[in-house]
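Chain residues, written in single-letter form:
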Amino acid sequence: MLAQPPVRISNILEQQKQFFRTGKTKNIDFRIAQLQKLKQAITENQPAIFKALKADLNKSGFDAYFETVGILKEIDYALKHIKNWIKPQKVATPYHQFPASSHIYAEPFGVTLILGPWNYPFNLVMTPLIGAIAAGNCVVLKPSEISAQSSGVIAEIIGKTFEPSFIHVIEGGVEVSKELLSEKFDHIFFTGGTEVGKIVMSAAAKHLTPVILELGGKSPCIVDENTHLEYTAKRIVWGKFINAGQTCTAPDYLLVHKNIKEKLLNRIDKYISEFYGNIPSKSPNYSRIINQKHFFRLANLLKYGKIVVGGETNLKDLYIAPTVIEQVSWEDNIMQEEIFGPILPVLEYTDLDEAIAIINERPKPLALYFFSNNKQHQTQILQATTSGGVCINDTVMHLTIPSLPFGGVGESGMGRYHGKAGFENFSYQRSVLNKSFLFDQKWRYYPAPRGQKKR
Ligand code: NAD
């Protein structure tokens, strides 16, 4: 058999532009049918998806379920609300324009490019895809080459479900990404690191293409003196060590009131054992580091401070134990870069203003966590800090609420998605004024009215 010639990116883009111009993607029935097809494809292919997630990150069935169930819920949410979302919004028209009506239409951009990361390789390309379809766009998807098994499964599922002129997956690494970014898309949705985000934005600037950037950074977790210690520890351990800490919104570090630090650390230790057993490397629920490069990067961070829980590593198995570290300084690499792994540094504070100052001296985080029973302190945190999202008395769970827009601010990103925000951010607002021929107000025509002339 002759080998297939490689797909030319410019050809796919041209095909999609032509398909978009037919207007089919704007039709509401078309959009609903495509969302239903996507749901069916994901449901039918769950075993293959779970297998790929296991191969890439050693995700357990439970974690793989967690990664995919959110997508299905997002599709259901979009199907339930799409008819309302697409309705043109009537707005007021000033009397000097009468007779007329004014509406805002949510219009698709055209052909959008979605670039995905490797940590939730399936969820983080499928969830934006839902917003893109709901808004009526054509899509080119590029999953991360680093989670290679998931990338293959995504290409296969999309390839057998959709026409390439509507949605097409292009697999490949940084070179392919660069080639894609040199093309003129109508919109780009990128999830990944802050530094690559800057590369994406400058490539987009060459074509004046609008971008959504879902980036990372160090998300702080503050624990007040007055908190429910058991739930606090349990929820921190879950959010930090799920997917072996390779979660963009995982608490990066803890800032704990000094009076409860020891008690909290004891409970964190307890819940690590409860969730993953005394030897987490044997737990069926504990993920692995994605590759050797990240393994070495993380293993290097273990040399800072004093390890109080965990610290074991195994290169052959790409295993790094759930680890808690004390006595780190802000000058150490571990506090300078996003950890993105199962290492939790713990710092203490004595006064909430001190914790707030620490956060405000640093780039605006993607997520901010605050554990406290004190309502006044909760308000103070909300008023005095900036972050993409906030979760009070829990970690990571704010992402699972489809009615809450998700995204960063400043260095943690720009633009929002999930639920209606996904639809809105894959659309632009088209303003339409519709005038009547019933009569014609004279005020704007020459010669100017007498009163105007005198002035
Ligand atoms: P990454 O930035 O290395 O890669 C993301 C995508 O960009 C991949 O598809 C990759 O092929 C492409 N890419 C990489 N280098 C490139 C270059 N020089 N030019 C053009 N394209 C390039 O990110 P990653 O390592 O896959 O993911 C980890 C980062 O992503 C972390 O910082 C994490 O916080 C962040 N993240 C953010 C979110 C969010 O929703 N905000 C979600 C997951 C991960």
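Rules used in this analysis
Per chain, the residues get numbers from 1 upward, laid out in the order the sequence is written. Residue-level local features of this predicted model are given only where pLDDT is at least 70; pairs of side-chain atoms are given and counted only at 80 or more, and the full residue set underlies all totals for whole chains, interfaces and linings. Excluded from the side-chain calculations are hydrogens and water; all other atoms, namely the structure's heavy atoms, are used. A cutoff of 4 Å decides nearness: a residue is near a molecule or strand if any of its heavy atoms lies inside that distance of it. Any N or O atom pair separated by 3.5 Å or less is treated as a polar contact, with the protein-specific requirement of one donor-capable and one acceptor-capable atom, and with residues adjacent in sequence counted only for side-chain atom pairs. Residue-level accessible areas treat just the shown protein chains as cover; the underlying method is Shrake-Rupley with a 1.4 Å probe. Under the scheme used here, helices are H or I runs from DSSP no shorter than 4 residues and strands are E runs no shorter than 2 residues, and both carry numbers assigned from the N terminus. Polar here means any residue other than Ala, Val, Leu, Ile, Met, Phe, Trp, Tyr, Cys and Pro, which are nonpolar, and Asp, Glu, Lys and Arg, which are charged; Gly is therefore polar. Note that the domain bounds reflect an automated or database-derived domain assignment. Strands are labelled as partners when DSSP assigns at least two bridges between them. To define axes, lines are fitted to C-alpha atoms, for helices over the stretch in contact only, and angles between the resulting N-to-C directions are given on a 0 to 180 degree scale. A side-chain nitrogen of Lys or Arg and a carboxyl oxygen of Asp or Glu constitute a salt bridge if their distance falls within 4 Å. Residues are treated as being in contact if the distance between any of their heavy atoms lies within 4.5 Å. The term buried area refers to how much accessible surface (probe radius 1.4 Å) is lost by two components on association, counted for both of them together. Exposure is judged per residue with a 1.4 Å probe applied to protein chains only, and the accessible area is read against the type maximum: over 50% gives exposed, under 20% gives buried, and values in between give partly exposed. Counting rule applied: Lys, Arg positive; Asp, Glu negative; His and chain ends not counted. Buried Ala, Val, Leu, Ile, Met, Phe, Trp, Tyr and Cys residues that are joined via side-chain atoms within 4.5 Å together make up what is termed a nonpolar core.

### Quick word on the site of the ligand
Next, step 1: Around the ligand lies a shell of 26 residues, among which Gly116, Trp118, Glu145, Leu215 and Glu338 are the nearest.
Next, step 2: A distance of 3.2 Å separates an oxygen atom of the ligand from a polar backbone atom of Gly192.
Next, step 3: Relative to its unbound accessible surface of 850 Å², the ligand loses 91% to contact with the protein.
Next, step 4: Ranked by the residues each element gives to the shell around the ligand, the list is headed by helix H7 (residues 174-182), at 4 residues.
Next, step 5: Grouping the amino acids of the shell around the ligand by side-chain chemistry returns 13 nonpolar, 8 polar and 5 charged.
Next, step 6: Both domain 1 (9-215 + 412-434) and domain 2 (220-400) contribute no fewer than three residues apiece to the shell around the ligand.

### Focus: the sheet that holds strand S1 (residues 89-91)
Next, step 1: Strand order in the open sheet formed by 3 strands is S1-S2-S18, and the pairing between neighbours is antiparallel. Edge positions in the open sheet fall to S1 and strand S18 (427-435), since each of these has one partner strand only. Looking at each pair of strands side by side, their axes are set apart by 30 degrees on average, direction ignored.
Next, step 2: Relative to strand S2 (residues 100-108), S1 runs antiparallel, the two sharing 3 bridges.

### Points about the pattern of salt bridges
Next, step 1: As enumerated under the stated definition, the model contains 17 salt bridges in all.
Next, step 2: One salt bridge in this structure joins Lys420 and Glu424, with 3.6 Å as the shortest N-O distance. Note that Lys420 and Glu424 are positioned in helix H15 (residues 419-425) at a spacing of 4 residues, about one turn of the helix.
Next, step 3: Among the ionic contacts, a cluster of salt bridges with common partners joins Lys26, Glu107 and Arg430.

### Some thoughts on the sheet that holds strand S3 (residues 111-115)
Next, step 1: As summarised here, the arrangement of the 6 strands in space is S5-S4-S3-S6-S7-S17, forming an open sheet in which the pairing is mixed. Both edges of this open sheet fall to strand S5 (167-169) and strand S17 (413-414), since each of them pairs with a single strand only.

### Let's talk about the domain arrangement of the protein
Next, step 1: Split into domains, the protein comes out as domain 1 (9-215 + 412-434) and domain 2 (220-400).
Next, step 2: Taking the mean C-alpha position of each, domain 1 and domain 2 sit 31 Å from one another.
Next, step 3: Contact residues are listed per partner, giving 16 residues for domain 1 and 22 residues for domain 2.
Next, step 4: Between domain 1 and domain 2 lies a buried interface of about 1600 Å² when both sides are counted; carbon and sulfur atoms form 54% of it.
Next, step 5: Joining domain 1 to domain 2, the criterion identifies 0 salt bridges.
Next, step 6: For the pair domain 1 and domain 2, the interface holds 9 residue pairs in polar contact (both at pLDDT 80 or more).
Next, step 7: Residue composition of the side of domain 1 that touches domain 2, grouped by class: 6 nonpolar, 6 polar and 4 charged.

### So, the side chain of Lys240
Next, step 1: Tracing the backbone shows Lys240 in helix H9 (residues 229-241).
Next, step 2: Buried Lys240, no salt bridge; nearest opposite-charge side chain is Asp252, N-O distance 5.2 Å.
Next, step 3: A polar atom in the side chain of Lys240 sits 3.5 Å from the backbone oxygen of Gly341.
Next, step 4: If we skip the residues at most four places from it in the chain, Lys240 touches Gly245, Ala250, Pro251, Asp252, Ile339, Gly341, Pro342, Ile343 and Leu344.

### Let's talk about the side chain of Thr93
Next, step 1: Inspection of the secondary structure assignment puts Thr93 in the loop between S1 and S2.
Next, step 2: Engagement of the side chain of Thr93 in a polar contact is seen with the side chain of Ser102, the distance being 2.8 Å.

### A closer look at the nonpolar core
Next, step 1: Leu38, Met126, Leu129 and Ile158 are the most contacted members of the largest nonpolar core, which totals 75 residues.
Next, step 2: Top element by residues in this core is helix H5 (residues 123-135). It accounts for 9 residues.
Next, step 3: Each of two domains, domain 1 (9-215 + 412-434) and domain 2 (220-400), supplies a minimum of three residues to this core.
Next, step 4: Other than its neighbours up to four places away in sequence, Met126 contacts Leu38, Ile42, Ile71, Ile154 and Ile158.

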